[in-house]
Structure formats: C-alpha cells, structure tokens
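Structural overview
Residue-level listing of the chains:
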Amino acid sequence: MKPKPFLKLQRKKSMFGVLKAIAYCAGFPLLLLFVIAGSVQFMHEYVFEKTWYLGIGIALLPWLLTAILQIVFNRFSSSQYIKTLVVAIVAVACVLGTAGILDLHGAAVIEEVKAEYEDTAVDIPTIDYLKGHYLTTTKYFPSELDGFYDDLDEFCMIYNVGTRIDIRNGENSDGTPYVVDKKTGLPMNPNGLVSECFVYDARFAIDVILDYIESEEYLLSHKITRTEGGEDVALTSEEIYRELIALVEASDAYTTYQTSEEYLAAYSKEKDENGDYVGSAYRVMLDLADLDDMLPALLRHVGVALLNNDLIGSLSMITSMIKLDELFEQASLPDATVESLLTYIQDTFWPQVRSLVGGLLPAETLAQIEGIIAGLQVSQLEELLEELTYYYSPAVLPSFAFIEPANIATPGVDGSYELTVADTTLTFADEAEFSAFSAELKRYAYARYYAKINGAYIGSVLIPNNDVGIGTLLNSEGRIGMVTLNDNGFDNSKAWTRDELLQLKAELSYVPQLFPLLTARRFLYTFAGMVALSIILFYQFGRRQDEVIEEMCALKGGACHE
C-alpha cells in the first residue's frame, strides 16, 4: 500500500492534468466550436452550399500556426516561462492578425461591389455595418441575412426558379448528351444553349431578365416605326426582333447551314420506310400521326361525358340536336383519323349544323364560320403542331446564333451601314457602331429564348410571353413564373424592376462568400483574450504537474517511473 503523501501527490498530479486539458480546450477548441455553431445556420442553405465552411477553415489557421510553434519550442526551448510568453503572444497575434485580414478582405469585397454598381440604385451596406448586422443578435437590430433570404425566396417563388443549379435528367429529350461546364456548373448543349434538363436557378434567371430588359431598352431607343393609317406607330421589341431575324434567316450563311449534315440530321423532313421523319427533332415534336392517336380517343371520352352524364342532361339534348353525337360516333370508329374527321366535319357535320342554326346567325358571321371550316386542311394542322411543339435541337445552332453584321446588312462605300426595319432606316457611322447594334440584338435574342420560349417549356416564364409560340396558349394574359396548363403563374404586375433585380444580384455576389467569414471574424475577436489566457494556464498547470511529478520521484528515491 502506498504512503499517504504519495497518494496525495498522485491526486494533485491528476488534478493538474485535468486543469491542463480544460485550459487547452478553453482556447482554440472552444473558439472553433463557436465558429462551427455560428456556421450551422449556413450549412443547410443552398446559396451557401459551397461557402458555409469558409469561416471554419479560417478559424483553423491560427490554431495550426500556434500548434506548429508549440512543437518547435518544445524541441528547442527548455524554459517554461519563455515558451509560455512567446506562444501566448504569437497565438494572440495569429488570432487578431487573421481577424484583421478578414476586416481588410471584407472591406475590399464591399468596395469592389460598390464600384461595380456605382451608377445604379443598388444599396450596399458598409463593412462596418455588416459586422454588427449580418445576422440577428438581438430583437432590436435587423438582420441583413434574414432580409436577403426573404428577397431570394420571393424572387424564386414568383419566377418559379431554384436557389441552386438543378439538373433533372441525364440527357436531352432526343438523346443528345450535354456537358456540364466546370466553371459555371451549367449543362451546356453542343449548340451553345443550356440544356432543357437545367432548371433555372436564381442567378441565371436574374442575368437573363436583366439581359432582356437592357437589350430591349437599347432596341427601343432607335425609335423604329411602321406607318399605319397615316401615323407612325412604334414597333415593340418583339416586332423589331421578328423583322431582323427574318433578314438573318434569309442570309446566305444561315440558308447554307440549313443544308449541312448537322442541320439535316435534326430537321430533315424526309421519311424512312416506316413513314417517320428522318430528322431527330421530329421524334420529340407532335406530328399528325400522334394527333391521329390522341384526338379520336379524346373526342370519344368527351362524347361519353356529354352524352351519358345525367348531371348535364340538358346539354346532352342540345348536343344530340345539333348532331354532335354523330360526330363522336364517327370519331370512335377504329380507322378514324384527323383527316377523316376533317372530311366528315366539312361534308356532313357542318351542313347539318348549318341547316339547324344558320337562320339564327347573321349572314356575315355565318360566312366567316363557313370560310374557316372550308379552309381547314391537314397541312395547316401539321404546321400548327410544328409551331406549338417545335423542338430546338441541342445539336443544331438556332437561327439567332447567326446574328452578325454581315448577315443583316452590307456596308456602304464609306464604311457606314444602312439598315431598313419596317419603315425606318437606321444609319450607322462605321462597323464598330453597327457591331454594337448587332451584339445587342444577339443579346436580346438569347435572353428572349431563355426567358420566353425555353422558360415556357420548363415552367419558369421570366418575361410575359403572350405572342410567341406556345405562350399564345399558356400565357395569353402576360403572366410570369410557373405558367403551365395547370398553373397560371403570377400577374405581370408582380415582376421585379431592374433596380430590384440588380439589388439581389449584388447581394448574391457578396453575401454567400462574405457572411461565413464574418462569423469567423466575430469569434476571433471575441476569443483572442481567452486564447491567450488558456495558453498561459495550460503551461502553468503543466509546470505545476511537472513539479508534482518531481516530488513523487523524490519520494520513490529518485526513480521517476512506475
């Protein structure tokens, strides 16, 4: 049994060991723990998915430098006092130095953003304000982070976009592969457009809308008009674009491209032995054969609903009176096609209906209806189907990719350019001035495609699309957001202004990178003194533990091992 003095020393040794561990943990480990806790709020937010850990990484740097210094001093210095003093001073210097560097970095970031948006109405807080208000600390101070989240969520809700890049499928509808750009993370098709598999994120959507707004302002600034009823009527940006894209599509460059193997592989209307188009794009688009399968079946179901539903008995009587039941019976025939239905409507159904209601309609109205019905042709339906379901092949350059000065106009002998749009002739002094016009037109074309056409297909209409393709059906009231057959989206009055878009774009450029660093900065300053004290106590308790060990060795007759 060990003597009581030795047991007492052993307890003191254990006590100083515990105090030594507590002192160490009260320094850098506690600092890191607080930084991690402060970074948790960013961890599950998509906008911070690539930056939430930056503050944690920064907080590790002074700890790593101090640990290296401790290893060096333990090897080359025997004086506990010198080690305590030097390591404590260096640790504090590392902590405060890192915090100071973050201050300088934050100020530089904010100044850079302010310079970029200097000529706009964008409001960028000072770095000193952000240090105390980047997150909510008390109920009396507003949080810049909460305001940022509110704005971002509102934008994403209205325009039906996400906060991060989302890619839904592994390939395009026609099987064409895309390549994810390593720099932007966007899935890009061979023709330079983003893949249809890309669900717009907020950054992409903001850039597209701003491109559209700014390029539209540029086009409208040229005051292009058409004479109607003896008055000059200003053309809309859509009308200007259609006038100019017609010139592009008639250019030698584009018509030659339409004969290339690349183009014909997607849009050749030659048919194979099965009667299908050779062009790959037509496998995605609806054609008359698809309509033959769909329309009769649809009419049969409608017929059953109208003719056999007691809830609408009076309507059944009306439909029977005007021979609509006979049309549904015709549609239910096994060999019924769109062409046979059109023939039946023109030759049998309409004459029967006209004999019943013809006397109730004005002669002019009756003539208009007859003209429409008589003019119905299968070829017209084919053209309508192609227009409504047109597929932009991922492998084929769109016509607006050919917007170049040479494809719109030719220069004059003095190097100037003249371009006639509707009833307005635009004159450009030189090639540089005309190239600037072409560049803005091309910018408008790409933004128009992403905002209106592709946006309508993926349910994220960014610009009201009441006069382009499928938008005529789905977006006739000029709405934005999730405009589909099942959802009307938001009224155009909910659209964000240019200043609001620029404000959110500016915040997206600095908030995700800066706020995690501000979290680290906050705790670096808070724990600088604690780190110094913990190091001093760590070495002090270590020195006392060594003294106890020496006393224990003396009691054992100089043998310092058990």
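Computed from a predicted structure; not experimentally measured.

**Some remarks on the pairing of strand β7 (residues 417-421)**
Burial of the side chains of β7 is restricted to one face: Y417, L419 and V421 are buried, whereas none of E418 and T420 on the reverse face is. Where β7 and strand β8 (residues 424-428) come together, five bridges link them in antiparallel fashion. Within β8, the position partnered with V421 by the bridge is T424.

**So, helix α2 (residues 28-43)**
A rise of 1.5 Å per residue sets the reference length of α2, with its 16 residues, at 22 Å; its end C-alpha atoms lie 22 Å apart and thus fit the reference within 8%. Where α2 is concerned, the buried positions are F28, L31, L32, V35, G38, S39 and F42.

**Structural notes on empty space enclosed by the protein**
For the structure shown, the criterion picks out one cavity of 30 Å³ or more. Taken as a whole, the largest cavity holds about 50 Å³ of empty space. Taken together, Y24, G27, F28, T66, Q70, V531, S534 and I535 make up the full set of residues lining the largest cavity. Of all the elements in the fold, those that place two or more residues in the lining of the largest cavity are α3 (54-76) and α19 (498-555). A total of three residues in the lining of the largest cavity trace back to one element, the largest contributor, which is α19. Considered class by class, the residues forming the lining of the largest cavity number four nonpolar, four polar and no charged.

**Things to note about the packing of aromatic side chains**
In this structure the tally under the stated criterion is 34 aromatic pairs. Ring plane angle 50° and centroid distance 5.0 Å describe the contact between F34 and F527, whose orientation is recorded as tilted. Taken together, the residues span a long stretch of sequence, with F34 in helix α2 and F527 in helix α19 at a distance of 493 residues. Judged by relative accessible area, F527 falls into the buried class, the value being 7%. Between the aromatic rings of F400 and Y446, the centroid separation amounts to 4.9 Å while the plane-to-plane angle is 80°, which identifies the pairing as edge-to-face. Here F400, found in the loop between α16 (378-389) and β7, pairs with Y446, found in helix α17 (residues 431-458); they are 46 residues apart in sequence, far enough to count as distant. Owing to a relative accessible area of 2%, F400 belongs among the buried residues under this scheme. One residue, R164, lies across the ring of Y46, its end atom 4.1 Å from the ring centre. One residue, K271, lies across the ring of Y277, its end atom 5.1 Å from the ring centre.

**A closer look at the confidence of the model for the protein chain**
If pLDDT is low for a region, its predicted coordinates should not be looked at in detail. Mean pLDDT over the protein chain works out to 82, with 85% of the residues at or above the 70 mark. Contacts from residues 468-472, a stretch scored under 50 in pLDDT, to residues over four places away or in other chains number 15 contacts.

**Comments concerning the environment of F428**
Within the fold, F428 resides in strand β8. In this structure F428 comes out as buried when scored by relative accessible area, which is 2%.

**As for the pattern of salt bridges**
In this structure the tally under the stated criterion is 15 salt bridges. Notably, a salt bridge pairs E243 with R226, separated by 2.6 Å at the nearest N-O pair. With a gap of 17 residues between them, E243 in helix α8 (residues 237-249) and R226 in strand β5 (residues 225-228) connect regions that are remote in the sequence. Taking the relative accessible area as the measure of exposure, E243 reaches 28% and is therefore partly exposed.

**Description of the packing of helix α7 (residues 202-220) against α19**
With their axes 10 Å apart at the nearest point, α7 and α19 run at an angle of 140° to one another. Overall, the two elements α7 and α19 adopt an arrangement that is oblique. Pair α7 / α19 crosses with left-handed handedness. Between α7 and α19, the contacting residues are R203, I206, D207, I209, L210, I213, E214 and E217 on the first element and R498, L501, L502, L504, K505, L508 and P512 on the second. Considered class by class, the residues forming the contact of α7 with α19 number nine nonpolar, no polar and six charged.

Reading the values: rules and limits
- Residues numbered from 1 in each chain as written.
- Predicted model: local features only at pLDDT ≥ 70, side-chain atom pairs only at ≥ 80, totals over all residues.
- Heavy atoms only, no water.
- Buried < 20%, exposed > 50% of the residue type's maximum accessible area, 1.4 Å probe, protein only.
- Helix = DSSP H or I, 4+ residues; strand = E, 2+ residues; numbered from the N terminus.
- Pairing = 2+ DSSP bridges.
- Expected span 1.5 Å × (residues − 1).
- 1 Å grid on protein atoms, 1.4 Å probe; cavity = no way out; pocket = protein on both sides within 12 Å on 5 of 7 lines; lining within 4 Å.
- Points joined across faces, edges and corners; volume = space filled by probe spheres on them.
- Nonpolar A, V, L, I, M, F, W, Y, C, P; charged D, E, K, R; others polar.
- Phe/Tyr/Trp six-rings, centres within 6.5 Å; stacked < 30°, edge-to-face > 60°.
- Lys NZ or Arg CZ within 6 Å of the ring centre and 35° of its normal.
- pLDDT = per-residue confidence, 0-100.
- Contact = heavy atoms within 4.5 Å.
- Salt bridge = Lys/Arg side-chain N within 4 Å of Asp/Glu carboxyl O.
- Axes fitted to C-alpha atoms, helices over the stretch in contact; angles between N-to-C directions.
- Parallel < 35°, antiparallel > 145°, perpendicular 65-115°, else oblique.
- Left-handed = near helix turned anticlockwise from the far one by under 90°.

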